[in-house]
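Notes for the structure review
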Amino acid sequence: MKTKNIKNYIVIVLPTLMVLISTLSCEELVDESPISEIAPDNFFRNNNDAQAAIIGMYDAMQPAFRLNHYYWGEFRGDSYINGNDGANANNIELTTNDVTSGNAGVLRWDDFYGLVNRANVAIANIPQVNGFDANLLGEAQAMRAYAYFQAVRVWGSAPLFTEPVLEASPDLQRPRTDATTILNEVVLPDMLAAEENMNLMTNPYRFSLSSIWAFQAEVYGFLGEDELAREALLKVVNSNEFSLVTSARDWQNLFLNDNIDPFDPNSSSSGPLKMQQGPELIMSIGFSLNEDPGTGNRNRAGIFNLFFAGIPSYTLSPALENKWRAKFPIDSLEWVTKYPDTNPVLTTTNADGEEEFVYGDYRYYLSREGGTNIELKGLGNARLAKYNKVNFNQSFDDSDMVLYRYANIILYLAELENRLGNDTRALELINEFRTARQLPLVDAVEFGATLEERELFILDERHLELIGEAQRWWDLRRTNRAMEILNPILDTLTGGAPLTEERLLFPIFDEHIIENPLLEQTPGY
């Protein structure tokens, strides 16, 4: 069997002990021509070679997730609206939840399967190394589990490859494997094996025990296994490796890649300055301007592109901004009425040189274009400014992409405790979080009288804290609230497509189906 238009193929070469495997797409997996290769058994000679293979695997993670991390988890929620009629049409399909099967920007899985193959190569060959480092095997297992878990959440079912692809074969055209099989035969076994093989507690840019536990909680939560998810989160908490930041500046420093000082009204921005550090960061995808300069933006992050582009695809939605203002009023009288015993964090100096409070949640101002100058951008017109304050050239985007953060852990643990009947403990966790953020504490009345009221309260806390971190859509999916919350909004949007159970998943890209006739389109598309 032969397919046409073979644009990508797998190559294994050894420049400075680096395994480089070019991107692989499932619609391009069959060809008669031979593939250039150096066999892995001639490469995996020692742990230095194995380490190089793992570094190559993380290198493949960059293009696989630089945009997709946000396409899949951020923009289908209720946080954004169409930012500009001249914006990228593929991007805009996400805010209306009307993603079409021809949307190449969102749906192509070339880089995704390139990452899977690098993980498969490492898993197959590292155990053959004499005295192999089990941590490296654990990283590869965690990566393959992570990748296939994303496939299950995004498409529901997908072609399954668990062996390295080193040469062309008709077998590479495969139908979709159902989600249950992928979860039970790959994701769950791999993530548990990764934990067993790993003995490194932390690593900010690679899988370690702490990020594997955070990932396990995510998987178990998706499966509705709340007790197991709670157990995994408590492992992260009890490791005592992470803590919540306790000031506005430290919170901003977790994300900001901009040399402006947002707390100095006289400071101006002239370019990125990577900081993005703090005790909450568990694992991020790291990018560097020094990596692979010949590949252009492929090894650049997608944050400047998506959140603060010159022609923005997305601006913060009025629904999000109004939620933030209702919870933490920006009007002085409303704030003092609601929170008479708590002063806001931010202050400014008036024309008389006197210090005045800036009412509202400091995270709102630090996440919104224009900062405390609300009049600069009206409701629904502000870009997300959590990572940078002005528009930068995307070729300079070396921003870290946060995958797991301690605030996420604490707020998710509160959600689980509430659902498991431990509402007192859930409230304690919320107030632990509020204390760290220097925000007003919550009493039992505000928290809610029913499990559902409390869950919605916690989801709102997560929404505001984790904006721009690709969590909101998955929160709505995990709690089965996507249709409940989004359909009333979608009904008001031009081009909005109401969600159905089938359309919670993405379609398969048209070209993948053309090139691989064994693939069937996602129901509902």
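In what follows, the structure referred to is the one given above.
Everything in this summary refers to the structure shown in the same document. Small disclaimer: the values here were computed from a predicted structure and weren't measured.

Reading the values: the criteria
Residues numbered from 1 in each chain as written. Predicted model: local features only at pLDDT ≥ 70, side-chain atom pairs only at ≥ 80, totals over all residues. Heavy atoms only, no water. Buried < 20%, exposed > 50% of the residue type's maximum accessible area, 1.4 Å probe, protein only. Helix = DSSP H or I, 4+ residues; strand = E, 2+ residues; numbered from the N terminus. Contact = heavy atoms within 4.5 Å. Polar contact = N/O pair within 3.5 Å; in protein donor to acceptor, adjacent residues only side chain to side chain. Phe/Tyr/Trp six-rings, centres within 6.5 Å; stacked < 30°, edge-to-face > 60°. Lys NZ or Arg CZ within 6 Å of the ring centre and 35° of its normal.

A look at unusual backbone geometry
The backbone of Asn 97 shows a phi angle near 55 degrees, a positive value even though the residue is not glycine. We classify Asn 97 as buried; its relative accessible area is 3%. Even without being glycine, Asn 480 reaches a positive phi, approximately 55 degrees. For Asn 480, the location among the structural elements is in the loop between helix 19 (472–478) and helix 20 (482–490). What makes Asn 480 exposed here is its relative accessible area of 69%.

Description of helix 20
Turning to helix 20, its buried residues number three or more, namely Ala 482, Ile 485, Leu 486, Asn 487 and Leu 490. Tucked inside the fold, the buried residues of helix 20 contact helix 3 (89–95) and helix 19.

Quick look at the side chain of Glu 465
Along the chain, Glu 465 falls in helix 18 (residues 451–465). Its relative accessible area of 0% is what places Glu 465 among the buried residues. Side-chain polar atoms of Glu 465 contact the side chain of Arg 363, separated by 2.7 Å. Looking at Glu 465, its side chain comes within polar contact range of the side chain of Arg 405, at 2.8 Å. In this view, Glu 465 contacts Trp 251, Glu 280, Arg 363, Lys 386, Arg 405, Ala 407, Leu 411, Phe 433 and Arg 437; residues no more than four positions away in its chain are not counted.

Side note on the packing of aromatic side chains
A complete count under the given rule lists 33 aromatic pairs for this structure. When the centroid spacing of 5.1 Å and the interplanar angle of 85 degrees are considered together, the rings of Tyr 70 and Phe 307 count as edge-to-face. Separated by 237 residues along the polypeptide, Tyr 70 in helix 2 (residues 68–73) and Phe 307 in helix 11 (residues 303–307) bring together distant segments of the chain. Centroid distance Trp 109 to Tyr 113: 5.4 Å. Interplanar angle 85 degrees. Geometry classified as edge-to-face. Here Trp 109 falls in the buried class, since its relative accessible area comes to 0%. The ring centre of Trp 474 lies 4.0 Å from the NZ or CZ of Arg 153, which sits over that ring. Sitting over the ring of Tyr 412, Arg 478 keeps its end group 4.5 Å from the ring centre.

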